[in-house]
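An overview of the molecular structure
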Amino acid sequence: MKSLEGQTAIVTGAGRGIGKEIARELAVCGANVVINYMTSAEAAHALVNELSEYGGKHLAIKADVSRDTDGTQLVRSAYEAYGKIDILVNNAGITRDKTLKNMNFEQWEEVIRVNLNSVYTCTHAVLPLMLENKSGRIVNISSFVAMAGNIGQANYAATKAGIIGFTKSVALEVARHGITVNAVCPGFTETDMLWEVPDKVRERILERIPMGRFGTSQEIAKCVRFIVSEAPYMTAQAISINGGVYI
Ligand code: NAP
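In this report, we go over the structure that sits alongside the text.

The rules behind these values
- Residues numbered from 1 in each chain as written.
- Predicted model: local features only at pLDDT ≥ 70, side-chain atom pairs only at ≥ 80, totals over all residues.
- Heavy atoms only, no water.
- Helix = DSSP H or I, 4+ residues; strand = E, 2+ residues; numbered from the N terminus.
- Expected span 1.5 Å × (residues − 1).
- Bend = angle between axes of the 7 residues up to and from the residue.
- Polar contact = N/O pair within 3.5 Å; in protein donor to acceptor, adjacent residues only side chain to side chain.
- Buried < 20%, exposed > 50% of the residue type's maximum accessible area, 1.4 Å probe, protein only.
- Contact = heavy atoms within 4.5 Å.
- Pairing = 2+ DSSP bridges.
- Axes fitted to C-alpha atoms, helices over the stretch in contact; angles between N-to-C directions.
- Near = heavy atom within 4 Å.
- Areas by Shrake-Rupley, 256 points an atom, 1.4 Å probe, with all protein chains shown as cover.
- Salt bridge = Lys/Arg side-chain N within 4 Å of Asp/Glu carboxyl O.
- Core = buried A, V, L, I, M, F, W, Y, C linked by side-chain atoms within 4.5 Å.
- Phe/Tyr/Trp six-rings, centres within 6.5 Å; stacked < 30°, edge-to-face > 60°.
- Lys NZ or Arg CZ within 6 Å of the ring centre and 35° of its normal.

To continue, consider helix α4 (residues 105-133). Helix length check: α4, at 29 residues, gives a terminal C-alpha distance of 41 Å against a target of 42 Å (1.5 Å per residue), a fit within 8%. Maximal helix bending in α4 amounts to about 35°, located at N117. Of the residues flanking the start of α4, the one acting as N-cap is N104, its side-chain oxygen 3.1 Å from the backbone nitrogen of E106.

By secondary structure assignment, the location of T189 is in the loop between β6 (179-186) and α7 (192-195). On the accessibility criterion, T189 (7% relative accessible area) is buried. At a separation of 2.8 Å, a polar atom in the side chain of T189 contacts the main-chain carbonyl oxygen of G187. Setting aside chain neighbours within four positions, we find T189 in contact with I18, L194, G215, T216, S217 and I220.

Ordered by their spatial adjacency, 7 strands build an open sheet running β3-β2-β1-β4-β5-β6-β7, and the pairing between neighbours is parallel. Both outer strands of the open sheet, β3 (59-62) and β7 (238-241), are each paired with one neighbouring strand and no more. The mean angle between the axes of side-by-side strands here comes to 20°, regardless of whether they run parallel or antiparallel. Across 4 bridges, strand β2 (residues 32-37) lies against β3 in parallel orientation. Along β3, the bridge assignment pairs Y37 with K62. α4 contacts β4 (87-90), β5 (136-141) and β6 of the sheet and is inclined by roughly 170° relative to β4.

This part takes up the site of the ligand. The local shell around the ligand holds 29 residues, among which R16, T39, S40, Y156 and T191 are the closest. Separating an oxygen atom of the ligand from a backbone N or O atom of I18 is a distance of 2.8 Å. T191 has a polar side-chain atom sitting 2.5 Å from an oxygen atom of the ligand. Within the complex, 97% of the 900 Å² of free accessible area of the ligand lies under protein. Looking at the shell around the ligand, the elements that each hand over two or more residues are α1 (17-28), β2, α6 (154-174) and α7.

As a further point, take the side chain of T12. Along the chain, T12 turns up in the loop between β1 (8-11) and α1. What makes T12 buried here is its relative accessible area of 2%. For T12, the residues in contact, after removing those within four places along its chain, are N36, V65, L74, V89, N90, N91, A92 and C122.

As a further point, take the pattern of salt bridges. A pair can form between side chains of opposite charge whenever their charged atoms are brought close. Under the definition given, this model contains 12 salt bridges. Between K84 and D86 there is a salt bridge, with the nearest N and O atoms lying 2.9 Å from each other. You can call K84 partly exposed: its relative accessible area is 27%. With a relative accessible area of 9%, D86 lands in the buried category. Here E230 ties to R225 by a salt bridge, and the two come within 4.0 Å at their closest N and O atoms. One continuous salt-bridge network, built from bridges that share partners, spans E25, K222, R225 and E230.

Among the nonpolar cores identified, the biggest contains 30 residues, and I22, L26 and I35 are the most heavily contacted of them. Those elements that place two or more of their residues in this core are β1, α1, β2, α2 (41-51), β4, β5 and α9 (217-230). Looking at this core, the element that brings in the most residues is α9, giving 6 residues. With residues near it in sequence (within four places) discarded, L26 still touches L4, A9, V11, A31, V33, I87, V89, R225 and V228. Listed in part, the 25 residues of the second largest apolar core include Y82, L88, L129 and V174.

If you walk through the whole model with that rule in mind, you get 1 aromatic pair. Seen in terms of ring centroids, F144 and F188 are 5.1 Å apart; in terms of plane orientation they differ by 75°. Their pairing is edge-to-face. In this pair, F144 is assigned in the loop between β5 and α5 (145-148) and F188 in the loop between β6 and α7, connecting sequence segments 44 residues apart. Taken individually, F144 and F188 each receive the classification buried, so the pair is uniform in this respect. The cationic tip of K57 hangs over the ring face of Y82; the distance from NZ or CZ to the ring centre is 5.1 Å.

So this is what it looks like as structure tokens:
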């Protein structure tokens, strides 16, 4: 029997990047996966087809998870399809990099909305279902930037640090109900998000990584899989996975 056989997982922003690899890893381990997307419709539906090879029943659902109505509807649709939600991975995120001097309110607010409000909307919607089941795993994707800060990312760093505070608080609230809540803090990881960073900045980042390379989405996905399938006594933690960058 696979470790996540019969379990249902929602992964936000799973049409591409880290979310896609998390969805794949959970499906390989037997979970039914709800692949949330906002703009990557084709990729999300292609992933549903691909994952069906591993068995299970997978769904692609469009939702802008920064909106409370969408986050709630995503969870409701998943519940109607499967009758329970065992795992929620809050992965959706964006960057709008500018030094604070040059950052306008829209660039500040958009990142707060997508990266932080989304974690509220989906967690708030899923929690009553997990409380009723007396079981659940919630994993929030933060970033090493939460602890280290980064030039041009005051908005992004604020959301990722906020996610850690949120994670720890909610974990304490639900610890006695069989639900764990943890954050994963990737270092720089090879996805579209990293390729948006100017070449020169990327080279400077690389010099600071003791392992001398960027992380891969698969490496982050395996960490998430460990948390949801092998770590029932781990909660309220922020797990760094960053090639040895000291924070
Ligand atoms: P990415 O390749 O740019 O993908 C971003 C994902 O977020 C896409 O799937 C996108 O969906 C989704 N998304 C954005 N806004 C959304 C919304 N309003 N509703 C639903 N989905 C939305 O980024 P990534 O590198 O995979 O990042 C994934 C997570 O890891 C993010 O939280 C990011 O902050 C974090 N992280 C990344 C790195 C890195 O170096 N890459 C490092 C640390 C942490 P659509 O394509 O469907 O629009």
